[in-house]
Amino acid sequence: MKILLLGSGELGKEFTIAAQRIGQIVIAVDSYENAPAMQVAHGFEVINMLDGDALDSIVAKHKPDFIVPEIEAIRTERFYDYEKQGITVVPSAKAANFTMNRKAIRDLAAKELGLKTAAYRYATTAEELEKGVEAVGMPCVVKPLMSSSGKGQSTIKTEADIKKAWNYAVEGSRGDVVEVIVEAFVKFNSEITLLTVVQNNNPTLFCAPIGHRQERGDYQESWQPARISDKDLYEAQDMAEKVTEALGGAGLFGVEFFLAHDGVYFSELSPRPHDTGMVTLAGTQNFNEFELHLRAILSLPIFEITLEKAGASAVILASENATKPTYSGIEKIAALPKTDFRIFGKPTSRPYRRMGVALINDILETPIEEVVEKAKKAASLVTVNS
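Residues numbered from 1 in each chain as written. Predicted model: local features only at pLDDT ≥ 70, side-chain atom pairs only at ≥ 80, totals over all residues. Heavy atoms only, no water.

**Topic: the pairing of strand β10 (residues 188-198)**
The side chains of a regular strand alternate between both faces of the sheet.
Then comes step 1: Taken across its 11 residues, β10 has eight buried, putting it largely inside the fold.
Then comes step 2: Taken together, the 10 bridges between β10 and strand β14 (residues 251-260) define a ladder with antiparallel strand orientation. Looking at β14, one finds that L195 is bridged to G254.
Then comes step 3: Of the strand pairs in this sheet, β10 and strand β12 (residues 210-215) are connected by two bridges, and their pairing is antiparallel. Across the sheet, T193 pairs through a bridge with I210, a residue of β12.
Then comes step 4: Where β10 lies against strand β11 (residues 205-206), two bridges are found, and the strand directions are antiparallel. By the bridge assignment, V197 is partnered in β11 with L205. (Buried < 20%, exposed > 50% of the residue type's maximum accessible area, 1.4 Å probe, protein only. Helix = DSSP H or I, 4+ residues; strand = E, 2+ residues; numbered from the N terminus. Pairing = 2+ DSSP bridges.)

**Points about the sheet that holds strand β5 (residues 88-89)**
Then comes step 1: In spatial order, the strands read β3-β2-β1-β4-β5; together these five strands make up an open sheet with parallel pairing. This sheet does not close on itself; its edge strands, each paired only once, are β3 (43-46) and β5.
Then comes step 2: Lying over the sheet, helix α1 (residues 10-21) contacts β1 (2-6), β2 (25-30) and β4 (66-69), oriented at roughly 175° with respect to β1. (Contact = heavy atoms within 4.5 Å. Axes fitted to C-alpha atoms, helices over the stretch in contact; angles between N-to-C directions.)

**Brief notes about the pairing of β3**
Then comes step 1: Here β3 shows a buried face lined by G43 and E45 and an unburied face lined by F44 and V46.
Then comes step 2: Pairing analysis gives four bridges linking β2 to β3, with the strands arranged parallel. By the bridge assignment for β3, I27 is matched with G43.

**Some points on helix α5 (residues 102-112)**
Then comes step 1: Among all positions in α5, only R102, I105, R106, D107, L108 and A109 are buried.
Then comes step 2: Packing partners of the buried residues in α5 comprise α4 (93-99), β6 (120-123), β7 (140-144), β9 (180-184), α8 (230-247) and β15 (263-270).
Then comes step 3: Just downstream of α5, G114 is the residue with a positive phi angle, here 70°.

**A word on the packing of aromatic side chains**
Then comes step 1: All told, the structure shown has five aromatic pairs when counted by the stated rule.
Then comes step 2: Seen from their ring centres, F188 and F258 are 4.8 Å apart, and the 20° between their planes marks the pair as stacked. Here F188 is found in strand β10, whereas its partner F258 is found in strand β14, with 70 residues between them in sequence.
Then comes step 3: Through successive ring pairs, a cluster of aromatic residues spans F185, F188 and F258.
Then comes step 4: R106 extends its terminal NZ or CZ atom over the ring of Y120, reaching a point 5.2 Å from the ring centre. (Phe/Tyr/Trp six-rings, centres within 6.5 Å; stacked < 30°, edge-to-face > 60°. Lys NZ or Arg CZ within 6 Å of the ring centre and 35° of its normal.)

**Side note on the side chain of H62**
Then comes step 1: Among the secondary structure elements, H62 is positioned in helix α2 (residues 52-62).
Then comes step 2: Judged by its relative accessible area of 12%, H62 is buried.
Then comes step 3: With sequence-adjacent residues up to four places away left out, H62 is seen in contact with K2, L4, I27 and E45.

**Some remarks on empty space enclosed by the protein**
Then comes step 1: Applying the stated rule across the entire model yields two cavities of 30 Å³ or more.
Then comes step 2: Within this model, the largest cavity holds a volume of roughly 60 Å³.
Then comes step 3: Of all elements in the fold, only α1, β4 and α9 (289-297) reach the threshold of two or more residues within the lining of the largest cavity.
Then comes step 4: Tallying contributions element by element places α1 first for the lining of the largest cavity, with three residues.
Then comes step 5: Looking at the lining of the largest cavity residue by residue, the class counts come to seven nonpolar, two polar and two charged.
Then comes step 6: Here the second largest cavity is characterised by a volume of approximately 40 Å³.
Then comes step 7: Q199, N200, N201, N202, R295, A296, S299, L300 and P301 are the residues that line the second largest cavity.
Then comes step 8: Residues belonging to the lining of the second largest cavity are distributed by class as follows: three nonpolar, five polar and one charged. (1 Å grid on protein atoms, 1.4 Å probe; cavity = no way out; pocket = protein on both sides within 12 Å on 5 of 7 lines; lining within 4 Å. Points joined across faces, edges and corners; volume = space filled by probe spheres on them. Nonpolar A, V, L, I, M, F, W, Y, C, P; charged D, E, K, R; others polar.)

Take it as geometry only, folks, not as evidence of what the structure does.
Shown next, in the form of structure tokens:
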């Protein structure tokens, strides 16, 4: 089968490696050359994926069996035409369109499916944002409708923050949608990602919940399994199954939830492997999230997903701009027991850009806090240099 991968970052790279292992052909696409997935794919294309004509041209050129989106900034409305041509869009054209824009997925979850979410409003101007903040109250969170890895996300605590939050959200927005969502702040105890695997001809499966910590709207550490009550886990699984069923198609979805004293709140959904799910590269499961996504796409039956070990991931961040970044300290992290790492191979760096990840595993009985602390210490051993 031939897969056209739209977006070629670190998640796409691991997906491509999984696909190569079982003989699939991958063409990696991104807006710049030498993106991580391009380094391991059979071929690549460099285009602006918001240019519908350019997107059409490479689809016509490569005639893929599958189109697998990895990022948000894509002219996703073209996907419906590709499905009519007999190409499988992953998970589906509807899923890709709805989840590439926070407005569509939030309205589906809250209004159509009745899932519990934070109170929210939309805004297309700073003045509308001010009215939205008044409606949901402070503190509140502002996010661009189209963004990734926390870009453009901030918290409003005072009126003085509103204008700054608007400007930051517009700067961090991806694509051509200039609109934000403002959400009431949920007093949550923790956040989880529930990796949900939707199969074509077999039951939907769930990975053990993954906990994570964020800074600047981007994850810093993730761990599996996360602590959650049986009641909350059942509620999260029920919500995840409802929303993924409504979106249709097959593949792995990263469904995010807040765990609060009054229950579980649906937060967001990604129709693809999730950055917090990189913890599965530590061998925590019988299949990592990229292998699960691929198998579900190809209709290869997945009998079960088993939790094998406790694990944690911690990001390796750049601290400065560099055109050809190098790395020091890799020999230190390599010398640690029960430790692994990934360097993504990004051709440039900038402050806080995710350049790699440290991975730790241990037996399931190990307190997860200990595993997370080891991952953080391991990640701190590697320095990204200019």
